[in-house]
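So you can see what is in the structure, the chains are spelled out below.
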Amino acid sequence: MNSTPIITDTHTHLYSEEFDQDRDEMIQRALDAGITRFFIPAIDAAATQSMYDLEKNYPDNIFLMMGLHPTYVKDNYLEELAHVETELAKRKFYAVGEIGIDLYWDKTHLKEQQIAFRKQIQLAKQYKLPIVIHCREAFDEIFEILEEEKSEDLFGIFHCFSGTLVQAQQAISYKMKLGIGGVVTFKNGKIDQFLNQIDLKHIVLETDSPYLAPIPYRGKRNESSYLVNVISKLADIYDVSEEEIAAITTQNSKDVFGI
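Residues numbered from 1 in each chain as written. Predicted model: local features only at pLDDT ≥ 70, side-chain atom pairs only at ≥ 80, totals over all residues. Heavy atoms only, no water.

Soluble, globular proteins show a tendency: their nonpolar side chains are buried together. With 77 residues, the main nonpolar core has Ile 131, Leu 146, Phe 158, Leu 178, Leu 195, Ile 198 and Leu 234 as its most contacted residues. Not counting chain neighbours up to four residues away, the residues in contact with Leu 195 comprise Ile 180, Val 184, Ile 203, Leu 234, Ile 237 and Tyr 238. The next biggest cluster of nonpolar side chains, apart from the first, holds ten residues, and it includes Phe 39, Met 65, Tyr 94 and Val 132. (Core = buried A, V, L, I, M, F, W, Y, C linked by side-chain atoms within 4.5 Å. Buried < 20%, exposed > 50% of the residue type's maximum accessible area, 1.4 Å probe, protein only. Contact = heavy atoms within 4.5 Å.)

Turning our eyes to something else, we now look at the UniProt feature "binding site: a divalent metal cation 2" (unreviewed entry) in the protein chain. As recorded in UniProt, the sites labelled "binding site: a divalent metal cation 2" (unreviewed entry) are His 134 and His 159. The largest pairwise C-alpha distance within this set of annotated residues, which runs over 26 residues, is 5.7 Å, so the set is compact in three dimensions. From the set just named, the residues that line the largest pocket comprise His 134 and His 159. With respect to the helices and strands, the residue His 134 is situated in strand E5 (residues 131-136). Since its relative accessible area comes to 12%, His 134 is described here as buried. Apart from the residues within four sequence positions on either side, His 134 is in contact with His 69, Pro 70, Glu 98, Ile 99, Gly 100, Ile 101, Asp 102, Ile 142 and His 159. For His 134, the side chain forms a polar contact with the side chain of His 69, separated by 3.4 Å. With respect to the secondary-structure elements, His 159 resides in the loop between strand E6 (156-158) and helix H6 (165-173). Overall, His 159 belongs to the buried group, its relative accessible area being 3%. Beyond its immediate stretch of four places on either side in the chain, His 159 contacts His 11, Glu 98, Val 132, Ile 133, His 134, Gly 179, Glu 206 and Asp 208. (UniProt positions renumbered as here; feature names shortened; annotations may be inferred. 1 Å grid on protein atoms, 1.4 Å probe; cavity = no way out; pocket = protein on both sides within 12 Å on 5 of 7 lines; lining within 4 Å. Helix = DSSP H or I, 4+ residues; strand = E, 2+ residues; numbered from the N terminus. Polar contact = N/O pair within 3.5 Å; in protein donor to acceptor, adjacent residues only side chain to side chain.)

Time to look at the side chain of Asp 208. Examined against the element boundaries, Asp 208 turns out to sit in the loop between strand E8 (203-205) and helix H7 (227-238). Buried and unpaired, Asp 208 has Arg 136 as its nearest opposite-charge partner, separated by 8.3 Å. Not counting residues up to four positions away in its chain, the partners in contact with Asp 208 are His 11, His 13 and His 159. (Lys, Arg positive; Asp, Glu negative; His and termini not counted. Salt bridge = Lys/Arg side-chain N within 4 Å of Asp/Glu carboxyl O.)

Next up on the list: the packing of helix H3 (residues 77-90) against helix H4 (residues 110-127). Two packed helices can be described by the angle between their axes and the distance between those axes. Between H3 and H4, whose axes approach to 11 Å, the crossing angle comes to 10 degrees. When the interaxial angle is binned, H3 and H4 end up roughly parallel. Only Glu 112, Ile 115, Ala 116, Lys 119, Gln 120, Leu 123 and Tyr 127 of H4 make contact with H3, whose side of the interface consists of Tyr 77, Leu 81, Val 84, Glu 85, Leu 88 and Ala 89. Class assignment of the residues belonging to the contact of H3 with H4 gives a composition of nine nonpolar, one polar and three charged. (Axes fitted to C-alpha atoms, helices over the stretch in contact; angles between N-to-C directions. Parallel < 35°, antiparallel > 145°, perpendicular 65-115°, else oblique. Nonpolar A, V, L, I, M, F, W, Y, C, P; charged D, E, K, R; others polar.)

Opposite charge on two side chains makes pairing possible when the charged atoms of those side chains draw close. Taken as a whole and judged by the stated rule, the model has 14 salt bridges. Note that Glu 85 is salt-bridged to Lys 119, the shortest N-O span being 3.8 Å. Taken together, the residues Glu 85 in helix H3 and Lys 119 in helix H4 connect sequence positions 34 residues apart. Among the salt bridges present, the one from Lys 128 reaches Asp 153, with a minimum N-O distance of 3.9 Å.

Below, the discussion takes up the UniProt feature "binding site: a divalent metal cation 1" (unreviewed entry) in the protein chain. As annotated by UniProt and renumbered to match this structure, "binding site: a divalent metal cation 1" (unreviewed entry) occupies His 11, His 13, Glu 98 and Asp 208. Maximum C-alpha separation among the annotated residues is 10.9 Å over a sequence range of 198 residues, consistent with a single clustered spot. Of the residues annotated just before, the largest cavity has Asp 208 among its lining. Residue contacts for His 11: discarding those within four places in its chain leaves Phe 39, Pro 41, Met 65, Glu 98, Val 132, His 159, Glu 206, Thr 207, Asp 208 and Ser 209. Looking at Asp 208, the relative accessible area reads 8%, which means it is buried.

Taking 1.5 Å per residue as the helical rise, H7 with its twelve residues ought to reach 16 Å, and the 16 Å between its terminal C-alpha atoms agrees with that figure. For H7, the complete set of buried residues consists of Leu 227, Val 230, Ile 231, Leu 234, Ala 235, Ile 237 and Tyr 238. Considered in projection along H7, the buried side chains sweep an arc of 160 degrees and stay on one side of the axis. Against the buried residues of H7 lie strand E1 (7-9), strand E2 (35-40), strand E7 (176-180), E8 and helix H8 (242-257). (Expected span 1.5 Å × (residues − 1). Arc of directions from axis to C-beta.)

The element strand E3 (residues 62-66) is largely enclosed, with a buried count of five among its five residues. Residues Ile 62, Leu 64 and Met 66 of E3 are buried on one face, and the alternating residues Phe 63 and Met 65, pointing to the opposite face, are buried as well. Pairing geometry for E2 and E3, over three bridges, is parallel. Looking across to E3, one finds that Ile 40 is bridged to Leu 64. Each parallel crossover has a hand, and for E2 linked through helix H2 (residues 48-57) to E3 it is right-handed. (Pairing = 2+ DSSP bridges. Right-handed = clockwise from strand over helix to strand, strands pointing away.)

Encoded structure:
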């Protein structure tokens, strides 16, 4: 890409211990590739301080979310939700996330996951913030709650979207953008087969690094600079330039996060 427009990674776990050895170098590689905006999802209370440290080191590039990740909804989830509430009341965040339901690893806390998801949606509405949804093998459960909670104040991103065209359209109907990352480059990812039927105005870019690295890095640690591989694939799918993909998706991220 020649005249590099601003590229936004709407979902990256830059505080992950997988980056402890080379975090600054890894962030620099992304900056060099034109990726200058990083939105950082929360997982649980244990991650909060390292998120604040990151923001302090890169105040112009790092934008924080606050939330309780569904796979971290355990017996102490009420305590964790109280932490989310306390932090949201203290300072500015750009989204409530990542929140949702994950039935891939463990179904024992489904009820608690549903309570936590609903509660955090209500917090997002209270603070007029977008939500960032984590959904794994739980589309029906997520849509059920979105249907009950839908309102003018409910909007956000369906992170790491990996559903069908019908599910994509349903997510969009709840004012959600689709977070597209490495999965779109996978041979068996499937979303590449219908994505061009969805207007680019509904798409944002993400890596979910250190997870879900795109081809040709699949199976290795993901990092934000690899977003250029996702952009290249999307340019093919939509038959537009990489610059256009970068410009439109960054504008979409501004529409969601307000910055």
